[in-house]
Amino acid sequence: MSKPKIRKAVFPAAGLGTRFLPATKAIPKEMLPVVDKPIIQYGVEEAIAAGCEQIIIVTGRGKTVIEDHFDISVELESQLESRGKTDLLAMARHISNLGRVAYIRQKEAMGLGHAVLMARDLVGDEPFAVILPDDVIDAPTPCLKQMIEVFEDVQCSILATQVVEGPGISAYGVIDGQPLESNPRVLEVRGLVEKPKPAAAPSKNAIIGRYILTPRIFELLEKTPLGAGGELQLTDGIKALLEHERVCGYSFEGTRYDAGDKLGFLKATVEFALQREDLGEAFRQWLHDLPALSN
Ligand code: G1P
C-alpha cells in the first residue's frame with residue numbers, strides 16, 4: 001500500500017483576535033498585513049510550498065474578507081490589465097490561484113480542538129496538516145515541508161516545537177519528549193499538557209502552530225472533555241491520541257513569530273521588511289539612523 005500524502009491543510013481562523021484590539025474590532029486578525037501580505041497568506045503559501053492541494057479555512061462571523069482575499073477579483077484584475085500593470089496583475093492572480101480553498105464555519109468559539117473538529121468532513125480519512133495562521137515562520141525550507149519530510153519517515157502525528165524559556169511557557173501546549181538517536185530534532189512524545197503553570201511544565205518544548213495529525217484525532221476530539229479555559233483543547237485530543245498511536249515532536253529549523261501578538265507582529269514586520277529586495281536597504285538605513293535607537 002502506498003504511503004499517505006499530506007494533501008490538506010486546515011487553518012483555524014474563527015478567533016476574535018482580542019490580543020490585537022482595536023485593529024481587530026472589524027478586521028479579522030488573519031488579514032493584518034506583515035509588510036504588505038495578510039498573515040494568513042504566509043501560512044497558505046507555506047502549505048502550498050509543502051505540497052498541499054487543498055486549503056480548509058475554519059472561519060466565523062465577520063471573516064468573509066478572508067474568502068474575498070483568496071477569490072478572483074474581476075474588477076481589480078480588469079483594471080490592472082487595462083492599465084498595463086502586469087506585475088500587480090500577476091500578484092492578484094497568484095493569490096486566487098493558491099490551491100483549492102474550502103471554508104467551514106465554526107459557529108461558536110469553543111477552542112482549537114473544536115475548530116479542528118469542524119474540518120472533519122472536509123478532511124475525511126487521511127492524515128492532514130493544521131496551520132495556526134498567527135504563527136508566521138521564516139525558514140529556508142518551509143516549516144510544514146520539513147515536517148512532511150519527517151512524516152514520510154515516521155508515519156505518525158507530528159507537532160512542531162520550539163524551546164521557550166521562563167514563565168512564557170504557560171502560554172503553550174508543552175510536550176514531554178525524548179530526542180531520537182537517529183534525528184535529535186525529532187522527539188518521541190511521552191506526554192503533553194496545555195498551558196501548564198511554569199513549575200508544572202514537563203519541559204521547555206512548546207508546541208507551536210504547525211501540526212500533522214492522523215484522522216483518528218477526530219473521533220478522539222469528539223470525546224475529549226473541555227480543558228484549559230473551558231475550551232475543547234487540541235492538545236487534550238492529542239494526549240488521547242497518544243494512548244493509541246505514536247506522536248512525535250519536531251524542533252523545526254527557522255524563526256517563528258507570533259504575529260497575533262503586538263510585539264511578535266512588530267518583530268515579524270521588521271524582519272520581513274529587511275529581507276525585501278524593494279524595501280530592505282532603505283528600511284535598514286532608516287532604522288540605523290533612528291535617533292530613538294542611538295540613546
Ligand atoms: C494554541 C494551542 C497551544 C499551542 C499554541 C501555539 O494556543 O492550544 O497548545 O502551544 O496555540 O501558538 P493559543 O495560542 O491559541 O492560546
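Residues numbered from 1 in each chain as written. Predicted model: local features only at pLDDT ≥ 70, side-chain atom pairs only at ≥ 80, totals over all residues. Heavy atoms only, no water.

1. Here we look at the side chain of Thr 161
Cut-off, in case you're wondering: We count a stretch as a helix when DSSP gives it H or I for four or more residues in a row; a strand needs E for two or more, and each element gets its number in order from the N terminus. Buried, partly exposed and exposed residues are distinguished by accessible area as a fraction of the type maximum, computed with a 1.4 Å probe on protein chains only: under 20%, between the cut-offs, and over 50%, respectively. Contact between two residues is taken to exist if any of their heavy atoms lie within 4.5 Å; hydrogens are not considered.
The topology assignment puts Thr 161 in strand 8 (residues 157–163). Judged by relative accessible area, which is 1%, Thr 161 ranks as buried. Thr 161 has contacts with Ile 175, Leu 187, Asn 205, Ala 206, Ile 207, Ile 208, Gly 249, Tyr 250, Ser 251 and Phe 252, leaving out every residue within four places of it along the chain.

2. Some remarks on the packing of aromatic side chains
Heads up, the rule is: Side-chain rings of Phe, Tyr and Trp (the six-membered ring for Trp) are treated as a pair once their centres are within 6.5 Å; stacked means planes under 30 degrees apart, edge-to-face means over 60, and tilted covers the remaining angles.
Tallying each qualifying case throughout the model produces 5 aromatic pairs. Ring geometry for Tyr 42 and Phe 272: centres 5.1 Å apart, planes at 65°, overall edge-to-face. You can see Tyr 42 sitting in helix 1 (residues 39–49) and its partner Phe 272 sitting in helix 10 (residues 262–275), a full 230 residues away along the chain. As far as the burial class goes, Tyr 42 and Phe 272 line up, both buried.

3. Observations concerning the site of the ligand
Filter applied, for reference: Nearness is judged by heavy atoms alone; a residue qualifies as near a molecule or strand once a single heavy atom is within 4 Å of it. Polar contact is the term for a pair of N or O atoms within 3.5 Å; when the atoms are in protein, one must be able to donate a hydrogen and the other to accept it, and sequence-neighboring residues count only if both atoms are side-chain atoms. In these tables, accessible area is a Shrake-Rupley quantity obtained with a 1.4 Å probe, and a residue counts as shielded only by the protein chains included in the view.
Surveying the vicinity of the ligand reveals 13 residues, the closest of which are Gly 173, Glu 194, Lys 195, Ile 207 and Thr 235. Within the side chain of Thr 235, a nitrogen or oxygen atom sits 3.2 Å from an oxygen atom of the ligand. Protein coverage of the free-state accessible area of the ligand, which is 380 Å², stands at 75%. Per-element accounting of the shell around the ligand gives the leading share, 3 residues, to strand 11 (residues 205–213).

4. A few points about the side chain of Ser 96
Counting through the fold element by element, Ser 96 comes out in helix 4 (residues 86–96). Ignoring anything within four residues of it in the chain, the contact list for Ser 96 reads Phe 70, Asp 71, Ile 72 and Glu 77.

5. Some thoughts on the packing of helix 8 (residues 216–223) against helix 9 (residues 234–242)
Filter applied, for reference: Orientation is described by axes fitted as lines to C-alpha atoms, over the contacting stretch for helices, and by angles from 0 to 180 degrees between their N-to-C directions. Oblique is the label for any angle not covered by the other classes, which are roughly parallel (under 35 degrees), roughly antiparallel (over 145) and roughly perpendicular (65 to 115). Each crossing is labelled by how the near helix is turned from the far one, with a counterclockwise turn of less than a right angle marking it left-handed and a clockwise turn marking it right-handed. Polar here means any residue other than Ala, Val, Leu, Ile, Met, Phe, Trp, Tyr, Cys and Pro, which are nonpolar, and Asp, Glu, Lys and Arg, which are charged; Gly is therefore polar.
Taken N-terminus to C-terminus, the directions of helix 8 and helix 9 make an angle of 115°; their axes are 9 Å apart at the nearest point. Comparing the axis directions of helix 8 and helix 9 gives the class roughly perpendicular. The handedness of the crossing between helix 8 and helix 9 is right-handed. Together, Arg 216, Ile 217, Leu 220 and Leu 221 of helix 8 and Leu 234, Gly 237, Ile 238, Ala 240 and Leu 241 of helix 9 make up the contact between the two elements. Residue classes in the contact of helix 8 with helix 9 are distributed as 7 nonpolar, 1 polar and 1 charged.

6. Thoughts on the pairing of strand 9 (residues 173–179)
The criterion, for reference: DSSP calls a pair of strands paired once it identifies at least 2 bridges connecting them.
Inspection of the sheet shows strand 9 paired to strand 10 (residues 186–194) by 7 bridges, in the antiparallel sense. Directly across from Gly 173, in strand 10, lies its bridge partner Glu 194. Between the end of strand 9 and the start of strand 10, which pair antiparallel, lie 6 residues.

7. A look at the pattern of salt bridges
Counted only if it meets this: Salt bridges, as used here, are contacts in which a Lys or Arg side-chain nitrogen is within 4 Å of a carboxyl oxygen on Asp or Glu.
A complete count under the given rule lists 22 salt bridges for this structure. In this structure, the salt-bridge partner of Arg 276 is Asp 36, at a minimum N-O distance of 2.9 Å. On the criterion of sequence distance, the pair formed by Arg 276 in the loop between helix 10 and helix 11 (280–289) and Asp 36 in the loop between strand 2 (33–34) and strand 3 (37–38) is long-range, its members being 240 residues apart. The class of Arg 276 is partly exposed, set by a relative accessible area of 25%.

8. Section: the packing of helix 10 against helix 11
It is the contact of helix 10 with helix 11, at a shortest axis distance of 6 Å, that shows an interaxial angle of 125°. By the angle class used here, helix 10 and helix 11 are oblique. Listed contacts from helix 11 to Val 270, Ala 273 and Leu 274 of helix 10 are Gly 280, Phe 283, Arg 284 and Leu 287. A class-by-class count of the residues in the contact of helix 10 with helix 11 yields 5 nonpolar, 1 polar and 1 charged.

9. Some remarks on the state of the cysteines
As a reminder, the rule being used: Cysteine sulfurs are considered disulfide-paired once they come within 2.5 Å of each other.
With the rule as written, the count across this model stands at 0 disulfides. Lacking any disulfide linkage, Cys 156 is separated from the closest cysteine sulfur, that of Cys 248, by 3.7 Å. Accessibility expressed as a relative area gives 3% for Cys 156, which makes it buried. Classification of Cys 248 by relative accessible area gives buried; the value is 0%.

10. Points about helix 9
Convention followed: In this context, the arc is that of the directions from the helix axis out to the C-beta atoms.
Looking at helix 9, one finds that the buried residues are Leu 234, Thr 235, Gly 237, Ile 238, Leu 241 and Leu 242. Looking straight down helix 9, one finds its buried side chains confined to an arc of 155°; they lie on one side.

11. Overview of the pairing of strand 11
Among the 9 residues in strand 11, 9 count as buried, and that is most of the element. With 4 bridges connecting them, strand 6 (residues 128–131) and strand 11 associate as antiparallel partners. Counterpart to Val 130 in the pairing with strand 11 is Tyr 211. Pairing of strand 8 with strand 11 involves 5 bridges; the strand directions are antiparallel. Looking across to strand 11, one finds that Val 163 is bridged to Asn 205.

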